[in-house]
Amino acid sequence: MSVIGGCGLVTTPAAEVPRDPNRFSLNGKFTFAVEADFTSSTPTLDIGPFGAIATTPAQAGTIARQYDDGFIGVDVSGNAGDATTFWSYSALSQITGLGTAGGTLSFHSAASPADQFSLKSDEKVLPGFDFRYARDLGSFEMEVRGTKTRAWYGISFSAGYTDLSLSQRGGVTAPVTLTTDTFAIGAIIPPAPPFQGTIPGPGPIIPDSPAARAVTAPASTANNNNEVEGSIYGFTVGPFLEVPLSERLIAEFSGGLALALADRNYSFTESVAIAGLPTTLRSGSRDSRDWLFGGVAGVALNYRMTQTSTLQLGFQYQHLGTTGQSVNGKTARVDVGNAMSVTFGINWRY
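Residues numbered from 1 in each chain as written. Predicted model: local features only at pLDDT ≥ 70, side-chain atom pairs only at ≥ 80, totals over all residues. Heavy atoms only, no water.

Colleague: Can you help me understand the overall build of the protein chain in this one?
Modeller: Broken down by element type, the protein chain carries zero helices and 22 strands. Its C-alpha atoms give the protein chain a radius of gyration of 32 Å, more than 25% over the compact-globule value 20 Å for 350 residues. In terms of overall dimensions, the protein chain has C-alpha extents of about 105 × 40 × 30 Å along its principal axes. In the protein chain, buried positions account for 47% of the 350 residues. Pairs at least 24 residues apart make up 76% of the contacts formed inside the protein chain by residues separated by at least 6 positions. Counting every atom, the protein chain has about 15700 Å² of accessible surface; 62% of that belongs to carbon and sulfur. In the protein chain, the 22 positive side-chain charges and the 29 negative ones have mean positions that sit 11 Å from each other. (Helix = DSSP H or I, 4+ residues; strand = E, 2+ residues; numbered from the N terminus. Rg over C-alpha atoms; globule rule 2.2 N^0.38 Å. Buried < 20%, exposed > 50% of the residue type's maximum accessible area, 1.4 Å probe, protein only. Contact = heavy atoms within 4.5 Å. Areas by Shrake-Rupley, 256 points an atom, 1.4 Å probe, with all protein chains shown as cover. Lys, Arg positive; Asp, Glu negative; His and termini not counted. Charge placed at Lys NZ, Arg CZ, Asp CG, Glu CD.)

Colleague: Would you take a moment to explain the nonpolar core for this structure?
Modeller: It is characteristic of soluble globular proteins that their nonpolar side chains tend to be buried jointly. If you look at the biggest cluster of nonpolar residues, it comprises 25 residues, and the most contacted ones within it are Val-34, Phe-38, Leu-166, Val-228, Tyr-266, Val-334 and Val-336. Within the residue set of this core, elements represented by two or more residues are strand 2 (35–40), strand 11 (147–175), strand 16 (219–244), strand 17 (249–273) and strand 21 (330–335). Counting residues in hydrophobic clusters, the runner-up holds 12 residues, among them Tyr-67, Trp-87, Phe-107 and Phe-195. (Core = buried A, V, L, I, M, F, W, Y, C linked by side-chain atoms within 4.5 Å.)

Colleague: How should I be thinking about the packing of aromatic side chains in this particular structure?
Modeller: Inspection of every chain in the model, using the stated rule, returns 15 aromatic pairs. Between the aromatic rings of Tyr-67 and Phe-183, the centroid separation amounts to 6.5 Å while the plane-to-plane angle is 90°, which identifies the pairing as edge-to-face. With Tyr-67 in strand 3 (residues 63–67) and Phe-183 in strand 12 (residues 178–184), the pair connects residues that are 116 residues apart, well separated along the chain. For the pair Tyr-67 and Phe-183, one class covers both residues: buried. Three or more aromatic residues joined by ring pairs form one cluster here, namely Phe-24, Phe-129, Phe-131, Tyr-161, Tyr-233 and Trp-348. Of note, Arg-23 hangs over the ring of Phe-240, and the distance from its end group to the ring centre comes to 5.2 Å. (Phe/Tyr/Trp six-rings, centres within 6.5 Å; stacked < 30°, edge-to-face > 60°. Lys NZ or Arg CZ within 6 Å of the ring centre and 35° of its normal.)

Colleague: I tried to follow a nonpolar patch on the surface on my own but got confused; where do I start?
Modeller: The grouping of Phe-30, Phe-32, Val-125, Phe-253, Val-299, Leu-313, Phe-315, Tyr-317, Val-342 and Phe-344 at the surface amounts to a nonpolar patch, some 860 Å² of accessible area in total. Listing elements by their share of the nonpolar patch, those giving two or more residues are strand 1 (22–32), strand 19 (309–319) and strand 22 (339–349). In terms of residues, the nonpolar patch owes the most to one element, strand 19, which gives three residues. If you trace the backbone, Phe-32 turns up in strand 1. Taking the relative accessible area as the measure of exposure, Phe-32 reaches 30% and is therefore partly exposed. (Patch = residues over 30% accessible without salt bridge, like charges linked within 9 Å, V, L, I, M, F, W, Y side chains within 5 Å. Salt bridge = Lys/Arg side-chain N within 4 Å of Asp/Glu carboxyl O.)

Colleague: When you look at the pairing of strand 18 (residues 280–304) in this model, what are you seeing that I'm missing?
Modeller: Side chains on a regular strand alternate between the two faces of the sheet. For strand 17 and strand 18, the ladder comprises 24 bridges, and the chain directions are antiparallel. Looking across to strand 18, one finds that Leu-259 is bridged to Phe-293. Taken together, strand 17 and the strand that follows it, strand 18, pair antiparallel across an intervening segment of six residues, in which Gly-276 is found at a positive phi of about 85°. One ladder, built from 10 bridges, connects strand 18 with strand 19; its direction is antiparallel. In the sheet register, Val-296 faces strand 19, and the bridge partner there is Gln-318. From the end of strand 18 to the start of strand 19, which pair antiparallel, there are four residues. (Pairing = 2+ DSSP bridges.)

Here it is in structure tokens:
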């Protein structure tokens, strides 16, 4: 994210020594009104059809039914007799009637309640800095508060850096669609959870098809932690106009084109809780780089300290649009469409 840096120009009356046309500026920058919007679309797990799995030994190692709290896979036998040693589960609460002829093992699949909301990042001020070179192209006379003065115009180029750090933390609660598959395991006593069987066995053998399937809509709570961390490297080019307000105080107006490289990482963690079920944990991370194009406009007040140096305080607005990235069903969209910055720095003429 780039903004045109401090613009303090030194004006000299016509009777004074001609001013130097080149200027270099170093400015600190604090940017606000940059935010991230976090949305969610939980990938649908493949829980398979209700009924036996058609398998062959060549499919050994395939996960045929994937749940939030376990899976049913295909073992080395190709699930001979519609049963498998290749399966897993997460918590004892999934088992009912342990060690009895009526024992069952239940698996669950549900989306995140965050899918129903758009979550905003916390407000932050983003620090940064930029360097600027400006060159006078000409001047003209104008009247300011009844006094004739000389205004200067020219062109400037800048390169800058902004530290990008946006986050959202919190919980959301909403009903979700929950699918529960119940497998009849009889008197089998599974090993303590978390457990995962093997493809070749030996190990506990359970059916590869559920005895019952139920779809409900219970309340659920998701605790989310979304973070975008990275850097924005910005570049600008455009004209400026400098108007003296007094012997030492100068106003400057500037604008132009902006180009920025957004180099960032998006990461998230999420826990989804439904009463009576194991908590589902999800996470992901992704790096992205995008070029953004737009415009920038600014105004600054400059105080002349010497013939060759000024102090500057400025305000700038830039529009660079939005950029997004997704991982495991979660999306972070960073909006720099209405970014505003306060700048301060020092400028030298040569």
